[in-house]
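Here are the chains, one letter per residue:
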Amino acid sequence: MIRCIFVVMTIACIGCQPSGPLPKAAYVIAAYDESAALTASGDTWGRAMEPWFHGKTADIDAIADAQVNLNRTLKSVRSKLDALDAPDDPTTAEFTELIHEYLDWQAETHDTYAKWLATARAENPATIETRQAVIDEMNDLNETELEWKSRINTFGEKLGVTVGG
């Protein structure tokens, strides 16, 4: 019984201590959490397209739904990030600007996703040549995405957040 009370008191005291990330780091973590929805939404789109990439017939309606969801998610993420209470300092302002530039780039990529959806509609299943052309474009887009995430993560480190191990 005493052991149980000690554990409860220890947990309660730990919860009361003023610890945790700095305001800048908390802002970066919140921004990362909100933007993770874009990755999940993109994954859903990719799963819908997967049969097409393997030369099979894809469910065009599922791809179109995933495309609509991707567009909605981008708008939602942007509004949630705009609503975050960012610390008022130059470094955080630069980070916020970088995040907005990334979201602008994401919006531009949605035209590319729409083009790929149109390609899938026109050719379903697709020839290997068509699939390869889309895969090549997608690889270029993924490389650019990784570059953006690297820049964002590097900047996040300046604000006290390290991503990964």
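Above: the structure in question.
Since this is a predicted model, take the numbers as computed values, not measurements. (Residues numbered from 1 in each chain as written. Predicted model: local features only at pLDDT ≥ 70, side-chain atom pairs only at ≥ 80, totals over all residues. Heavy atoms only, no water.)

Looking at the overall build of the chain
- When helices and strands are tallied, the chain shows five helices and zero strands.
- Each helix (α) and strand (β) of the chain, taken in turn from the N terminus, gives the series α-α-α-α-α.
- When the 165 residues of the chain are sorted by exposure, 33% land in the buried category.
- Restricting the contact set of the chain to residue pairs at least 6 apart, pairs at least 24 apart contribute 82%.
- Of the roughly 10200 Å² of accessible surface on the chain, 57% is carried by carbon and sulfur atoms. (Helix = DSSP H or I, 4+ residues; strand = E, 2+ residues; numbered from the N terminus. Buried < 20%, exposed > 50% of the residue type's maximum accessible area, 1.4 Å probe, protein only. Contact = heavy atoms within 4.5 Å. Areas by Shrake-Rupley, 256 points an atom, 1.4 Å probe, with all protein chains shown as cover.)

Some words on the environment of His100
- Relative to the assigned elements, His100 resides in helix H4 (residues 90-122).
- Considering only alpha carbons, one finds His100 and Arg78, 22 residues apart in sequence, at a separation of 7.8 Å.
- Those residues in contact with His100 that sit more than four places away from it in its chain are Arg78 and Asp82.
- At a separation of 2.5 Å, a polar atom in the side chain of His100 contacts the side chain of Asp82. (Polar contact = N/O pair within 3.5 Å; in protein donor to acceptor, adjacent residues only side chain to side chain.)

Details of the side chain of Thr73
- Here Thr73 shows up in helix H3 (residues 60-83).
- Each residue touching Thr73, except ones within four places of it in the same chain, is listed here: Ala37, Leu38 and Ser41.

Some thoughts on the layout of surface pockets
- Put simply, the largest pocket is a space of about 390 Å³.
- Lining the largest pocket are 20 residues, with Gly42, Asp43, Tyr113, Asn142 and Glu145 positioned closest to its centre.
- Looking at the lining of the largest pocket, the elements that each hand over two or more residues are helix H2 (23-53), H4 and helix H5 (128-158).
- For the lining of the largest pocket, the element with the most residues is H2, which contributes seven residues.
- Residues that form the lining of the largest pocket fall into these classes: ten nonpolar, seven polar and three charged.
- As a volume, the second largest pocket reaches approximately 210 Å³.
- Forming the boundary of the second largest pocket are Tyr32, Ser35, Ala36, Thr39, Leu81, Ile99, Tyr102, Lys149, Ile152, Asn153 and Val163.
- Mapped onto the lining of the second largest pocket, the elements with two or more residues apiece are H2, H4 and H5.
- The element best represented in the lining of the second largest pocket is H2, accounting for four residues. (1 Å grid on protein atoms, 1.4 Å probe; cavity = no way out; pocket = protein on both sides within 12 Å on 5 of 7 lines; lining within 4 Å. Points joined across faces, edges and corners; volume = space filled by probe spheres on them. Nonpolar A, V, L, I, M, F, W, Y, C, P; charged D, E, K, R; others polar.)

Topic: H3
- Over its 24 residues, H3 runs 35 Å from end to end, which matches the ideal 34 Å to within 8%, given 1.5 Å per residue.
- Taken together, the buried positions of H3 are Ile60, Ile63, Ala64, Ala66, Gln67, Leu70, Thr73, Leu74, Val77 and Leu81.
- In this structure, the buried side of H3 is in contact with H2 and H4.
- Capping of H3 at its N-terminal end is provided by Asp59; its side-chain oxygen lies 3.1 Å from the backbone amide nitrogen of Asp61. (Expected span 1.5 Å × (residues − 1).)

Quick look at unusual backbone geometry
- Looking along the chain, the bond that leaves Asn124 and enters Pro125 is cis, with omega of 5 degrees.
- You can see Pro125 is positioned in the loop between H4 and H5.

Considerations on a negative patch on the surface
- A cluster of acidic residues, Asp136, Asp140, Glu143 and Glu147, forms a negative patch on the protein surface.
- Mapped onto the elements of the fold, Glu147 is located in helix H5. (Patch = residues over 30% accessible without salt bridge, like charges linked within 9 Å, V, L, I, M, F, W, Y side chains within 5 Å. Salt bridge = Lys/Arg side-chain N within 4 Å of Asp/Glu carboxyl O. Lys, Arg positive; Asp, Glu negative; His and termini not counted. Charge placed at Lys NZ, Arg CZ, Asp CG, Glu CD.)

Thoughts on the environment of Glu123
- Along the chain, Glu123 turns up in the loop between H4 and H5.
- For Glu123, a relative accessible area of 23% corresponds to the partly exposed category.
- Separated by 65 residues in the primary sequence, Glu123 and Ala58 have C-alpha atoms spaced 10.0 Å apart.
- The residues contacting Glu123, other than those within four sequence positions of it, are Trp52 and Thr130.
- Engagement of the side chain of Glu123 in a polar contact is seen with the backbone nitrogen of Thr127, the distance being 2.5 Å.

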